[in-house]
Amino acid sequence: MFVTDFRKEFYELVHNQRVLLFVASDVDALCACKILQALFQCDHVQYTLVPVSGWQELETAFLEHKEQIKLLIKQEDDLEVPAYDDIFRDEAEDEEDLSENDDGGAEPSEKRLRLEGLEEEIVERNRKRRQRREWEARRKDILFDYEQYEYYGTSSAMVMFDLAWMMSKDLNDMLWWAIVGLTDQWLHDKITQMKYVTDVGVLQRHVSRHNHRNEAEENMLSVDCTRISFEYDLCLVLYQHWSLHESLYNTSYTAARFKLWSVHGQKRLQEFLADMGLPLKQVKQKFQSMDVSLKENLREMIEESANKFGMKDIRVQTFSIQFGFRHKFLASDVVFATMSLMERPEKDGSGTDHFIQALDSLSRSNLDKLYLGLELAKKHLQATQQTIASCLCTNLVTSQGPFLYCSLMEGTPDVALFSKPASLSLLSRHLLKSFVCSTKNRRCKLLPLVMAAPLSMEQGTVTVVGIPPETDSSDRKNFFGRAFEKAAESTSSRTLHNYFDLSVIELKAEDRSKFLDALVSLLS
């Protein structure tokens, strides 16, 4: 069964059905899936889970299960889907109309007969032409809204949690998955900063409702309890599971501001640590092993010194979860861990295996998988920063006129990591941020970035991603999805638009040059 909209009315229709869940391979979708699974288990609803990484897998899975699939929709519901006639038109009828109006080859007697009703025919013909022009204009407007920009809107995990809340079936675990889904959207620039702050406020109220305890209850907590907290924390990746030194080195924000790919930047980092008064021995050991007195005041020390060094955005609104007395994670920790589990190279297992591992890591009963994901995330972040340093030091980022371009060569260390869509997109955003901080060319600071990485040597393909400019504007729409389609069409480049993220495509390496030329012409 395939359900188009999981609002409460539609959820109530599935109670006696077997549900088929097609789930995309991103963290937000996984969190939404976990919430739905919990709801289905609560109501004893049978379901089949089918992971899909792109449109091809979705089509294949759909055809395999088409006998089970039916569309559930209430007739009176308006899902804001365009009407069929607004998008499609029967070309056969148009051709028939044209052929009827064509006098070529007609006998004189037939022409005379037609002249008798010429006035009415002209009026009718003009009416049909006017209707077609109006239809084409209406269709153009609709398709512009649907295709012009990459637009995400809101977290699917939050939509699922809202459903659970309306049904009075929301649990603390569901709330945490909604938080992780929202954090994933924010970390990957799929929502604006304003949208993130607004949704954080909504979730904060739910956190207070689910985790409110008085002092007497606080002292009676069991060893395996779960506690979610809202807090202002440091914008440093995995620092509570790493050393502070490694976290500063591998956080895109601090790496870009300090320019850590340069000797001067590394000296600046040493000055920053000295300004805080933190001994190197403490900074380079695991966060958990640091002196308690330093850990208690660490946030304030870092914020004070960060302001002196021009880093006023070092603090961020976020949430943390604590399992018992030992295990504490920030929402961003879980996002990076889950993504790293899901986007591991294929040599470590199949895509389905990675999907299941990532899904399992979101459950508190599988903390060992979450910790495995954290270790993979550390390696992934280190590889990302090393690749950025290599690109900047060897001047791989070049201006193509309307956009910047960078291509990773086969044989680049850890290049297999960046053939995956989310990993390449993350690398591209961090590279653009670092490049903007390193260049003195003001115009380059307003340009988007197109980046390519090898995908398959056997098939001669590369993965290409487009990233919007690194501007202060909160509304960073990504127009590359439509631009990639147009460039491929105009040059007959062999591309595969398979990913759900339209700004990521597969391209034959042989066609890269003409594809880029067309993209330059299109965006100039």
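Just above sits the structure.
Residues numbered from 1 in each chain as written. Predicted model: local features only at pLDDT ≥ 70, side-chain atom pairs only at ≥ 80, totals over all residues. Heavy atoms only, no water.

(A) Geometry of the sheet that holds strand 5 (residues 226-234). Taken in spatial order, the three strands make up an open sheet running 5-6-7, and their pairing is antiparallel. The sheet is open, and its two borders are formed by strand 5 and strand 7 (327-330), each paired with just one other strand. Taken pair by pair, the neighbouring strands of this sheet meet at an average axis angle of 25°, ignoring direction. As paired strands, strand 6 (residues 315-323) and strand 7 are joined by four bridges and run antiparallel to one another. Bridging from a neighbouring strand, Gln-322 pairs with Lys-328 of strand 7. Sitting on the sheet, helix 17 (residues 298-308) is in contact with strand 5, strand 6 and strand 7, with an inclination near 25° to strand 5. (Pairing = 2+ DSSP bridges. Helix = DSSP H or I, 4+ residues; strand = E, 2+ residues; numbered from the N terminus. Axes fitted to C-alpha atoms, helices over the stretch in contact; angles between N-to-C directions. Contact = heavy atoms within 4.5 Å.)

(B) Structural view of the sheet that holds strand 12 (residues 495-496). The sheet built from six strands is open, its strands ordered 8-9-10-11-13-12 with mixed pairing. Among the strands making up the open sheet, the edge pair consists of strand 8 (398-399) and strand 12. Here two bridges tie strand 8 to strand 9 (residues 404-407), and the two strands are oriented antiparallel to one another. Looking at the pairing, Thr-398 lines up with Tyr-405 of strand 9.

(C) View of the packing of aromatic side chains. All told, the structure shown has 14 aromatic pairs when counted by the stated rule. Each ring, one from Phe-272 and one from Phe-309, has its centre 5.5 Å from the other, and the planes form 90°; the classification is edge-to-face. With Phe-272 in helix 14 (residues 263-276) and Phe-309 in the loop between helix 17 and strand 6, this pair connects stretches of sequence that are 37 residues apart. Here the two residues Phe-272 and Phe-309 agree in accessibility, since each one is buried. Between Phe-484 and Phe-515, the aromatic rings sit 5.7 Å apart at their centres with planes inclined by 50°, giving tilted as the arrangement. In this pair, Phe-484 is assigned in helix 22 (residues 480-491) and Phe-515 in helix 23 (residues 512-523), connecting sequence segments 31 residues apart. For the pair formed by Phe-484 and Phe-515, the shared burial category is buried. (Phe/Tyr/Trp six-rings, centres within 6.5 Å; stacked < 30°, edge-to-face > 60°. Buried < 20%, exposed > 50% of the residue type's maximum accessible area, 1.4 Å probe, protein only.)

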